[in-house]
Amino acid sequence: MYRTTSAYDTLTDSNTSSEVTSVRSNDGRPMDMLQIQFLNYIKVCDVSSVRNLLENHSDFDLNCKNYQGMTGLNLAIEVHCEQMIDLLLSRHGLEIGDSLMYAIRENQYSIVVKLLDILQSENPENVKLGYEYSTEFPQYLTPLMLAAQCGHVKVISLLLKRGHTISLPHKPQCLCKEICKSLGQLNNGLGAAELKLSVFRALANPSYISLTSQDPILTAFQLSKILLDHGNVDRIFKSDYELLNLQTRMFAVHLIGLCRSSSEVEQILTRKEGCSFFGAFPYQRLVMAMDLKQKEFVAHAYVQQILETAWSG
């Protein structure tokens, strides 16, 4: 009786698996057929085939990469195959690498929790930092920055609870020795400019503002002014800062639009925090909006209705 030869048997045959193809990993080294098949199995979430492959090849390199520099764990995260991820994480010798960043980008909350727990136990001092050797993410991009840029609320909340933070960049004219001068030497200043812009992309995300600020409208106003200042100095990324500035302004407009009564609108407009005006005019938050050129906020129908009512008595 003849035994039917499966695809796995063919690809793991000693002669076939030893052949070197023209496919190469991102570091230029040729990949053997077994590595190629391993990564292909992961792409289609074929957990049983990967398990068989690993059981039959105890010395297999779990951390092999494809031509894009992606490991099997990265691919499993990208295709949202949680069973495959659990299988790989259970194997000895697996390196997490930048997989946490992939999980955050894909908004896979449960995987983010698992990877954070592993990294916290292995290397707690670096778990809040970016990954140095990633081909996909710059080193300065931290987990919280990426989550904030993507607007993934649950992941942002998780990272905040675990002590992750984002520091506001210094003023554009700052030349402090501790941070700004050293950053200015990074890639002739271009690296520092990219880093600052990346930080502001995180800080300006509405989800991040909502989760970190007790007064999100005030935060949006203040951040809008900061973005305008940086955009006036950084001519290379001026258009990017203008877009972020618009985003924060429109977020404040969105928030005022959530009010369901005129009394709620008045409660917002009469808040004094952050306002330097001390006159008799009751709507000090509105004065602040005008000072900071928040024209969309001032022109909102709810705001204009309150003004019209106050004017007509």
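Residues numbered from 1 in each chain as written. Predicted model: local features only at pLDDT ≥ 70, side-chain atom pairs only at ≥ 80, totals over all residues. Heavy atoms only, no water.

The name that an unreviewed UniProt entry assigns to the protein chain is Short transient receptor potential channel 6-like, with the source organism given as Sipha flava.

Draft legend 1. The arrangement of the UniProt feature "repeat: ANK" (unreviewed entry) in the protein chain in detail. Within the UniProt annotation, "repeat: ANK" (unreviewed entry) is assigned to residues 139-171. In residues 139-171, the share of helix is 52% and the share of strand is 0%. The end C-alpha atoms are 22 Å apart. (UniProt positions renumbered as here; feature names shortened; annotations may be inferred. Helix = DSSP H or I, 4+ residues; strand = E, 2+ residues; numbered from the N terminus.)

Draft legend 2. Here's a closer look at the environment of Leu158. Its location among the elements puts Leu158 in helix 10 (residues 153-161). Residue Leu158 is classed as buried on the basis of its relative accessible area, which comes to 10%. C-alpha separation for the pair Leu158 and Leu144, spaced 14 residues apart in sequence, amounts to 9.4 Å. Setting aside anything within four residues of it in sequence, one finds Leu158 in contact with Tyr109, Val112, Val113 and Leu116. (Buried < 20%, exposed > 50% of the residue type's maximum accessible area, 1.4 Å probe, protein only. Contact = heavy atoms within 4.5 Å.)

Draft legend 3. Here's a closer look at the packing of helix 16 (residues 262-269) against helix 19 (residues 301-312). At a minimum axis distance of 10 Å, the contact between helix 16 and helix 19 shows a crossing angle of 90 degrees. Considering the angle they form, helix 16 stands roughly perpendicular to helix 19. Contacts from Ser262, Val265, Glu266 and Leu269 in helix 16 reach Tyr302, Val303 and Ile306 in helix 19. Residues belonging to the contact of helix 16 with helix 19 are distributed by class as follows: five nonpolar, one polar and one charged. (Axes fitted to C-alpha atoms, helices over the stretch in contact; angles between N-to-C directions. Parallel < 35°, antiparallel > 145°, perpendicular 65-115°, else oblique. Nonpolar A, V, L, I, M, F, W, Y, C, P; charged D, E, K, R; others polar.)

Draft legend 4. Local environment of the pattern of salt bridges. A full pass over the atoms with the stated rule returns 12 salt bridges. With a closest N to O distance of 3.9 Å, Arg271 and Asp215 form a salt bridge. In this pair, Arg271 is assigned in the loop between helix 16 and helix 17 (284-291) and Asp215 in the loop between helix 13 (206-212) and helix 14 (216-233), connecting sequence segments 56 residues apart. Among the salt bridges present, the one from Arg285 reaches Glu273, with a minimum N-O distance of 3.8 Å. Of this pair, Arg285 sits in helix 17 while Glu273 sits in the loop between helix 16 and helix 17, and the two are 12 residues apart along the sequence. Taking relative accessible area as the criterion, Arg285 reaches 1% and is therefore assigned buried. (Salt bridge = Lys/Arg side-chain N within 4 Å of Asp/Glu carboxyl O.)

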